[in-house]
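In case you want the letters, here they are:
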Amino acid sequence: MTTHLLSVARTLDHCTVLGPGTRAVIWVQGCPLRCRGCVAAETLPFEGGTSREVAELAAWLAALTGVEGVTLSGGEPFSQAEALSELLDAVREARPGFSAMAYSGFRYEALRRGTTGHQALLDRLDLLVDGPYVAAQHGSLRWRGSSNQRVLPLTDRYARLLAQSPDTSAGVELSVEADGSFSWAGVPPVPGFREGMEEQLAARGFVLHTRGRRES
Ligand code: SF4
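Our subject in this report is the structure included herewith. (Residues numbered from 1 in each chain as written. Predicted model: local features only at pLDDT ≥ 70, side-chain atom pairs only at ≥ 80, totals over all residues. Heavy atoms only, no water.)

1. Description of the nonpolar core
As a reminder of what qualifies: Residues grouped as a nonpolar core are buried Ala, Val, Leu, Ile, Met, Phe, Trp, Tyr and Cys residues, joined through side-chain atoms within 4.5 Å. Note on classification: 1.4 Å probe, protein chains only; a residue is buried when its accessible area is under 20% of the maximum for its type, exposed when over 50%, partly exposed between these limits. In this description a helix means any DSSP run of H or I spanning at least four residues, a strand means any run of E spanning at least two, and both kinds are numbered starting from the N terminus. Any two residues whose heavy atoms approach within 4.5 Å at even a single point are treated as in contact.
Counting residues in each nonpolar core, the largest one holds 29 residues, and the members touching the most others are Leu 6, Leu 61, Leu 72, Phe 78, Leu 87 and Leu 125. Listed by contribution, the elements that provide at least two residues to this core are β1 (5-15), β2 (23-28), α1 (54-63), β4 (69-73), α2 (81-94), β5 (99-103) and α4 (116-122). Look past the residues within four positions of Leu 87 in its chain and what remains in contact with it is Leu 6, Ile 26, Val 54, Leu 57, Ala 58 and Leu 61. In terms of nonpolar packing, the next biggest core, distinct from the first, is built from 16 residues, Trp 27, Met 101, Tyr 158 and Val 187 among them.

This is the structure:
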């Protein structure tokens with residue numbers, strides 16, 4: 001029986017710059033780390049966000065067309081590992097081939113030695129991007145912001161793709177909402193991307209909604 005709630009900062013139904021193919025994205029709310037240069041400061045406090053039922057999110061994911069999986073970002077997904085494991089199990093009941101990728105500010109080895117919740121979530125992932133964002137090591141890299149971070153295949157699903165495709169930035173996606181506001185998703189290939197874009201948009205009277213992955 002589904003029992004968990006997830007604290008969610010944002011969701012996006014289609015994204016091509018945060019993992020392989022076209023994916024849904026869930027940005028969870030709350031992170032215990034404070035990396036300098038984190039591009040998603042509004043997702044760091046554990047207070048805030050929207051409380052969403054796992055069953056409701058699972059139904060949303062299962063009904064999406066044109067996506068092959070979900071990317072879990074934040075915030076720190078492993079701070080809500082049990083609920084996210086439950087979510088992936090529920091989605092895969094309806095869509096067994098649904099892939100899962102997650103970001104974490106912690107290294108894989110530490111997560112593997114972590115709680116049973118951490119291990120359960122690792123066991124359900126196809127890809128993990130691990131480690132904190134380190135501004136001094138920023139690079140134009142595939143799906144991550146700094147070169148200390150790794151894209152780790154935890155199943156065979158994307159192992160060949162990782163080996164064969166170039167390790168270069170997937171860029172960011174910009175979109176205009178129905179109310180005229182802008183939003184973006186992705187990992188900025190250059191430091192200071194968010195600040196620069198916000199300044200330019202503000203000068204033109206636009207409001208920015210962040211859907212970035214904290215430069216990681
Ligand atoms: S970069 Fe990631 S791990 Fe670091 S503070 Fe931001 S959300 Fe947390």
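2. Structural notes on the environment of Glu 47
Examined against the element boundaries, Glu 47 turns out to sit in the loop between β2 and β3 (50-53). For the pair formed by Glu 47 and Gln 29, sequence separation is 18 residues and the distance between their alpha carbons is 7.8 Å.

3. Let's talk about the pairing of β1
Put simply, the rule is: When DSSP finds at least two bridges between two strands, those strands are taken to pair.
Alignment of β1 against β3, held across four bridges, turns out to be antiparallel. For Val 8, the partnering residue across the bridge sits in β3 and is Thr 50. The sheet contact formed by β1 and β2 spans five bridges and is antiparallel. Looking across to β2, one finds that Cys 15 is bridged to Arg 23.

4. As for the pattern of salt bridges
Using the following cut-off: A pair is scored as a salt bridge if a Lys or Arg side-chain nitrogen falls within 4 Å of a carboxyl oxygen belonging to Asp or Glu.
In the structure shown here, the tally under the stated rule is eight salt bridges. A salt bridge links Asp 89 to Arg 124, with the shortest nitrogen-to-oxygen separation between them at 2.8 Å. Placement of Asp 89 in helix α2 and of Arg 124 in the loop between α4 and β6 (127-130) is noted, with a sequence separation of 35 residues between them. Counted as one network, the salt bridges with shared partners bring together Glu 109, Asp 130 and Arg 150.

5. Thoughts on the sheet that holds β4
In plain terms, the rule: Angles run from 0 to 180 degrees between N-to-C directions of axes, and those axes are lines fitted to C-alpha atoms, restricted for helices to the stretch in contact.
As summarised here, the arrangement of the seven strands in space is β3-β1-β2-β4-β5-β6-β9, forming an open sheet in which the pairing is mixed. Both edges of this open sheet fall to β3 and β9 (150-153), since each of them pairs with a single strand only. Across the sheet, the axes of successive neighbouring strands diverge by a mean angle of 30 degrees, strand direction being ignored. With four bridges joining them, β6 and β9 adopt antiparallel strand pairing. Paired with Val 129 across the bridge in β9 is Val 151.

6. Section: the pairing of β5
Selection criterion: When the strands point away from the viewer and the path from the first strand over the helix to the second turns clockwise, the crossover is right-handed.
The buried count for β5 comes to five of five residues, which makes it a mostly enclosed element. Both faces of β5 are covered, namely the face carrying Ser 99, Met 101 and Tyr 103 and the face carrying Ala 100 and Ala 102. Read from β4 through α2 to β5, the crossover connection turns out right-handed. The pairing of β5 with β6 spans three bridges and is classified as parallel. Each bridged residue has a counterpart across the sheet, and for Tyr 103 the counterpart in β6 is Val 129.

7. Digging into unusual backbone geometry
Residues Gly 74 and Gly 75 are joined by a peptide bond in cis, for which omega reads 5 degrees. Summarising the element assignment, Gly 75 is placed in the loop between β4 and α2. We note that Trp 143 has phi near 70 degrees; this positive angle belongs to a residue other than glycine. Position of Trp 143 among the secondary structure elements: in the loop between β7 (138-141) and β8 (144-146).

8. Some remarks on the environment of Gly 192
Its place among the elements puts Gly 192 in the loop between β11 (182-186) and α6 (193-203). A residue is classified by how much of its surface remains accessible, and Gly 192, at 38% relative accessible area, is partly exposed. Each C-alpha atom, one on Gly 192 and one on Gly 37, is 8.1 Å from the other, the two residues being 155 residues apart in sequence.

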